[in-house]
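# Structural features, examined
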Amino acid sequence: MSVRTRAFVAFGANLGDPAAAFALALRRLGELPDSDVVAQSSLYRTAPVGVEGQPDYINAVIELSTALPARPLLEALLAIEHEGGRTRDFHMAPRTMDLDLLLYGDAVVDEEGLQVPHPRMHLRAFTLVPLAEIAPDVIIPGRGRAADLLPGVAAQQIARS
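Numbering of residues starts from 1 in each chain and follows the order in which that chain's sequence is written. With pLDDT at 70 or above as the cut-off, local features in this predicted model cover only qualifying residues; side-chain atom pairs require 80 or more to be listed or tallied, and sums for whole chains, interfaces and linings still use all residues. Values shown for side chains rest on all heavy atoms present in the structure; no hydrogens or waters enter the calculation.

Time to look at the overall build of the protein. On a plain count of helices and strands, the protein comes out with 3 helices and 10 strands. Helix and strand labels come from DSSP, where a helix needs a run of H or I of at least four residues and a strand needs a run of E of at least two; each type is numbered from the N terminus. In the protein, the order of α-helices and β-strands from amino to carboxyl end is β-α-β-β-β-α-β-β-β-α-β-β-β. In this description the radius of gyration comes from C-alpha coordinates, and the expected globular size is given by 2.2 Å times residues to the power 0.38. Computed over the C-alpha atoms, the radius of gyration of the protein is 15 Å, within 12% of the 15 Å expected from 2.2 N^0.38 for a compact globule of 161 residues. With respect to the principal axes defined by its C-alpha atoms, the protein has extents near 50 × 35 × 30 Å. Residues counted as buried form 46% of the 161 residues belonging to the protein. Here, Shrake-Rupley sampling with a 1.4 Å probe gives the accessible areas, and only protein chains in the shown set may cover a residue. Split by element, the accessible area of the protein, about 8100 Å² in all, is 53% carbon and sulfur. For the charge count, each Lys or Arg is scored as positive and each Asp or Glu as negative, with His and the chain ends excluded. The location of each charge is read from NZ of Lys, CZ of Arg, CG of Asp or CD of Glu. Computed over 14 positive and 20 negative side-chain charges, the inter-centroid distance for the protein is 3 Å. Summary of the burial criterion: residues with accessible area below 20% of their type's maximum are buried, those above 50% are exposed, and those between are partly exposed, where the area comes from a 1.4 Å probe applied to protein chains only.

Mapped onto the fold, T46 is located in strand β3 (residues 44–46). Taking the C-alpha atoms as reference points, T46 and D100, separated by 54 residues in sequence, lie 16 Å from one another. The contact rule is simple, with two residues in contact once any of their heavy atoms fall within 4.5 Å. Once residues lying within four places of it in the same chain are set aside, the contact partners of T46 are D56, Y57, N59, F126, Q157 and I158.

Turning next to helix α2 (residues 70–83). Under the 1.5 Å per step criterion, the end-to-end length of α2 is 20 Å for 14 residues, consistent within 8% with the ideal 20 Å. What α2 keeps buried is the set A70, L73, L74, A76, L77, I80 and E81. Burial along α2 is one-sided: seen end-on, the buried residues are contained in an arc of 160°. Of the surrounding secondary structure, the elements contacted by the buried residues of α2 are β1 (5–13), α1 (18–31), β4 (57–66), β5 (98–104) and β7 (114–116). Take the number of residues in a helix, subtract one, and multiply by 1.5 Å to get its expected span. The arc under discussion is defined with respect to the helix axis, by the directions toward the C-beta atoms.

Turning next to unusual backbone geometry. Cis geometry marks the peptide bond from V116 to P117; its omega dihedral reads -5°. Secondary-structure assignment places P117 in the loop between β7 and α3 (125–134). Unusually for a residue other than glycine, D34 sits at a positive phi of about 50°. Along the chain, D34 falls in the loop between α1 and β2 (35–40). On the basis of relative accessibility, which here comes to 46%, the residue D34 falls in the partly exposed class.

Definition used for salt bridges: Asp or Glu carboxyl oxygen within 4 Å of a side-chain nitrogen of Lys or Arg. Evaluated as defined, the whole model comprises 7 salt bridges. Here E31 and R28 are joined by a salt bridge, their closest N and O atoms 2.9 Å apart. Taken as a pair, E31 and R28 lie in helix α1 at a separation of 3 residues, close to a single helical turn. Here R28 falls in the partly exposed class, since its relative accessible area comes to 24%. Between D137 and R145 there is a salt bridge, with its nearest N and O atoms 2.6 Å apart.

In C-alpha cells, the structure reads:
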C-alpha cells in the first residue's frame, strides 16, 4: 500500500458555468491515480482580488488523499484546468477554472512553478474560509491553524453561493 498525503486544492472560476467546472474538477480529481476526494467545501462567491471589472468568483477547497508527489499532482491540476477551458491570456485574467495546490501534507516546497503552502493563502478569505470549513485544525506550515487565521481575513467579503 502506498503512502498517502493529505493535500488541499483551491478551486476558483468566474467565467462560463462555475458550478459545472467545479463538478468536472471533483470528478477528475477523484479519477487521479492513487487519489481520493475526501472532502469538499461549500461554494463561495467572492469579488476578484487585485483587478476590477471582472465577474465575481465562485471558490471552494477540495481535500484529497493522494499518493502522487506534489509536482505530478500540480501537473494533473494544470491538465484539469486545461480540460476545463482555462486559458492564460494575461496575468489575473478571468478564468473558467483555476486549481491551486494550497497544502501538501506538512511539506514546504519552493521550486520553480511550485510553492507549497500557497504563499498568499493565509491572506485571502476565498481560500482560508472554505479550507477552515472542511479542515479547521489543519496547520498551514509557518502560519498556524487554519481556523485561527480567520480573523485576519474577516474584513474580506465572502458569501456561500
